[in-house]
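Fold and geometry: a report
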Amino acid sequence: MKKLSTIKRLLVGALALTMLAGSIAGCGGGDKKGAAKPAAGQTVKINFPTAGASGALYAVGAAITNNWSKTVPGVQAASQASKGGIQNLNLVSTGEAQVSIAISSNVYQCLNGTDSFKGHAYKDVKVIAGLYMNPNQVVVTNKSGINSLADVKGKHFAVAAAGSSVYNECQTHFTAAGLKFPDDIRVENIAFGGAADMLQNGTLDGAWIMSGAPAAAVSQAVSSGCKVLDIDDATIDSLQKTYPWYAKFTIPKGTYPNQEKDIHTSAIKMVMFCRHDLSDDTVYQLTKSFWEHIDELGKAQKNLKGLTPQDAVKDIADLPLHPGAARYYKEIGVLK
């Protein structure tokens, strides 16, 4: 009887350990749906992927996370380099990051499971704020003879890596301009940073960059025998019929060296987005702090200069706001 009692106690203990292990496993990994609001005094850690460490998005993310860590009690935020918007959305969808930034088209595609996100939609992605317009800048050498998107046919042109945001922009724009993409172009799958030297030494006819203006790399290219193309209204009108995120955008004359006239192009708004299971109160505080310190942020990073909460809910392709962000916009009268 004593031996049987001992075995029984061992079985009960093993069952308790199994249940505890299952409980712990259920709290981590994968998509943490329904995450509870952190307990009082608990630190909320926010991982914020951006883009390459030398690019504008990295600086934007660093400015935002530094502000949050300083001004929002209980929040510890840090930016990190990444491969850009598509990877950022994947990191947020899997729970490896909590907040990030991308163009609204990528967020729309992620939400709906199209294009690069076909078969793995993240239906719960939420927006904190629409930020600044990110214009398409088509840089070509003066000696290339390229004066329009259609002229790129047969030319040696950098379109970035397949599946990237820039590659997708090339695909939609060149197709709208009547080209068969990528077959009609001698494509080079390198980003603008790698293409800059090739433009200057004449081994490349053109390259696509999507960045706030002025972009240092574009300034350098324009100073050494390159120009930025216009994208005509007819092409943009055609795009807008299918893609709700496009807007017409003007890069004012004088933005770049030797730029004597306005450049007319297309643009997509950058949006700051987050996981759905960040608590409403946390996202409210993040949104509030961001806008209450926007002047300071604008001084730290030029792409954030002049932003207003009134514009934060415009031109974002009807993407859903996080309830915590919506609460702030209602509180200040931007939303009803």
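The paragraphs below set out a description of the structure included in this document. The model shown is predicted, which means the values in this text are computed figures rather than measured ones.

1. A closer look at the overall build of the protein chain
Secondary structure summary: the protein chain contains eleven helices and ten strands in total. Considering only residue pairs separated by 6 or more positions, the protein chain has 74% of its internal contacts joining residues 24 or more positions apart. Carbon together with sulfur atoms contributes 53% to the accessible area of the protein chain, which is approximately 16100 Å² in total.

2. Re the packing of aromatic side chains
Using the criterion set out here, one finds twelve aromatic pairs in the structure. Plain terms: the ring middles of Phe 174 and Trp 208 are 5.5 Å apart, the flat faces sit at 75° to each other, and that makes the pair edge-to-face. Of the two residues, Phe 174 sits in helix α5 (residues 165–176) while Trp 208 sits in strand β7 (residues 206–210), which places them 34 residues apart along the sequence. A residue is classified by how much of its surface remains accessible, and Phe 174, at 0% relative accessible area, is buried. A residue is classified by how much of its surface remains accessible, and Trp 208, at 2% relative accessible area, is buried. Ring-pair connections join several aromatic residues into one group, and the members of that group are Phe 157, Tyr 167, Phe 174, Phe 181 and Trp 208. In this structure, Arg 327 packs its charged tip against the face of Tyr 284, placed 3.7 Å from the ring centre.

3. Focus: the side chain of Thr 65
Tracing the sequence through the fold places Thr 65 in helix α2 (residues 56–71). Residue classification places Thr 65 among the buried positions, given a relative accessible area of 1%. Only 2.9 Å separates the side chain of Thr 65 from the backbone oxygen of Gly 61, close enough to count as a polar contact. Other than its neighbours up to four places away in sequence, Thr 65 contacts Phe 48, Ala 77, Ala 78 and Ser 79.

4. Notes on helix α6 (residues 192–201)
Within α6, the full set of buried residues consists of Phe 192, Ala 195, Ala 196 and Leu 199. End-on, the buried residues of α6 take up no more than an arc of 125°, which puts them together on one face. Set apart from the buried face of α6 by more than 90 degrees, the exposed residues are Gly 193 and Asp 197. Just downstream of α6, Gly 202 is the residue with a positive phi angle, here 85°.

5. What about helix α4 (residues 104–112)?
Burial of α4 is extensive: seven of the nine residues sit out of reach of the surface. Of all the positions in α4, only Ser 104, Ser 105, Asn 106, Val 107, Gln 109, Cys 110 and Leu 111 are classed as buried. Buried residues belonging to α4 abut α3 (85–93), β3 (99–103), α5 and β10 (263–274).

6. Comments concerning the pattern of salt bridges
Considering all chains together, one arrives at seven salt bridges under this definition. Lys 180 is paired through a salt bridge with Asp 183; the nearest N and O atoms lie 3.7 Å apart. Note on accessibility: Lys 180 and Asp 183 belong to one class, exposed.

7. Focus: the layout of surface pockets
By volume, the largest pocket is sized at about 1200 Å³. Its residues placed into classes, the lining of the largest pocket shows 22 nonpolar, 18 polar and two charged.

8. Focus on the pairing of strand β1 (residues 44–49)
Here six bridges tie β1 to strand β2 (residues 75–80), and the two strands are oriented parallel to one another. Within β2, the position partnered with Lys 45 by the bridge is Gln 76. Note on the crossover from β1 through α2 to β2: the handedness is right-handed.

9. Things to note about a negative patch on the surface
On the surface, a cluster of negative charge is made up of Asp 230, Asp 232, Asp 233 and Asp 262. With respect to the helices and strands, the residue Asp 262 is situated in the loop between β9 (246–251) and β10.

10. Looking at the environment of Pro 135
Note that Pro 135 resides in strand β4 (residues 126–141). Residues Pro 135 and Gly 212 lie 77 residues apart in sequence; the distance between their C-alpha atoms is 6.2 Å.

11. Observations regarding the packing of α5 against helix α8 (residues 233–242)
Two elements in contact, α5 and α8, have axes whose closest approach is 9 Å; the angle formed by their N-to-C orientations is 115°. You can see that α5 and α8 cross each other, and the crossing is right-handed. Of the residues in α8, those touching α5 at Thr 172, His 173 and Ala 176 are Thr 235, Ser 238 and Leu 239.

12. Points about the nonpolar core
Counting residues in each nonpolar core, the largest one holds 62 residues, and the members touching the most others are Trp 68, Val 99, Phe 157, Phe 174, Met 272 and Phe 290. Of the residues forming this core, the biggest block, six residues, is contributed by β4. When sequence neighbours within four positions are dropped, the list of residues in contact with Val 99 reads Ile 46, Asn 47, Phe 48, Pro 49, Trp 68, Val 92, Ile 128, Met 272, Phe 273, Cys 274, Leu 278 and Leu 286.

Quick notes on the rules
- Residues numbered from 1 in each chain as written.
- Predicted model: local features only at pLDDT ≥ 70, side-chain atom pairs only at ≥ 80, totals over all residues.
- Heavy atoms only, no water.
- Helix = DSSP H or I, 4+ residues; strand = E, 2+ residues; numbered from the N terminus.
- Contact = heavy atoms within 4.5 Å.
- Areas by Shrake-Rupley, 256 points an atom, 1.4 Å probe, with all protein chains shown as cover.
- Phe/Tyr/Trp six-rings, centres within 6.5 Å; stacked < 30°, edge-to-face > 60°.
- Buried < 20%, exposed > 50% of the residue type's maximum accessible area, 1.4 Å probe, protein only.
- Lys NZ or Arg CZ within 6 Å of the ring centre and 35° of its normal.
- Polar contact = N/O pair within 3.5 Å; in protein donor to acceptor, adjacent residues only side chain to side chain.
- Arc of directions from axis to C-beta.
- Salt bridge = Lys/Arg side-chain N within 4 Å of Asp/Glu carboxyl O.
- 1 Å grid on protein atoms, 1.4 Å probe; cavity = no way out; pocket = protein on both sides within 12 Å on 5 of 7 lines; lining within 4 Å.
- Points joined across faces, edges and corners; volume = space filled by probe spheres on them.
- Nonpolar A, V, L, I, M, F, W, Y, C, P; charged D, E, K, R; others polar.
- Pairing = 2+ DSSP bridges.
- Right-handed = clockwise from strand over helix to strand, strands pointing away.
- Patch = residues over 30% accessible without salt bridge, like charges linked within 9 Å, V, L, I, M, F, W, Y side chains within 5 Å.
- Lys, Arg positive; Asp, Glu negative; His and termini not counted.
- Charge placed at Lys NZ, Arg CZ, Asp CG, Glu CD.
- Axes fitted to C-alpha atoms, helices over the stretch in contact; angles between N-to-C directions.
- Left-handed = near helix turned anticlockwise from the far one by under 90°.
- Core = buried A, V, L, I, M, F, W, Y, C linked by side-chain atoms within 4.5 Å.

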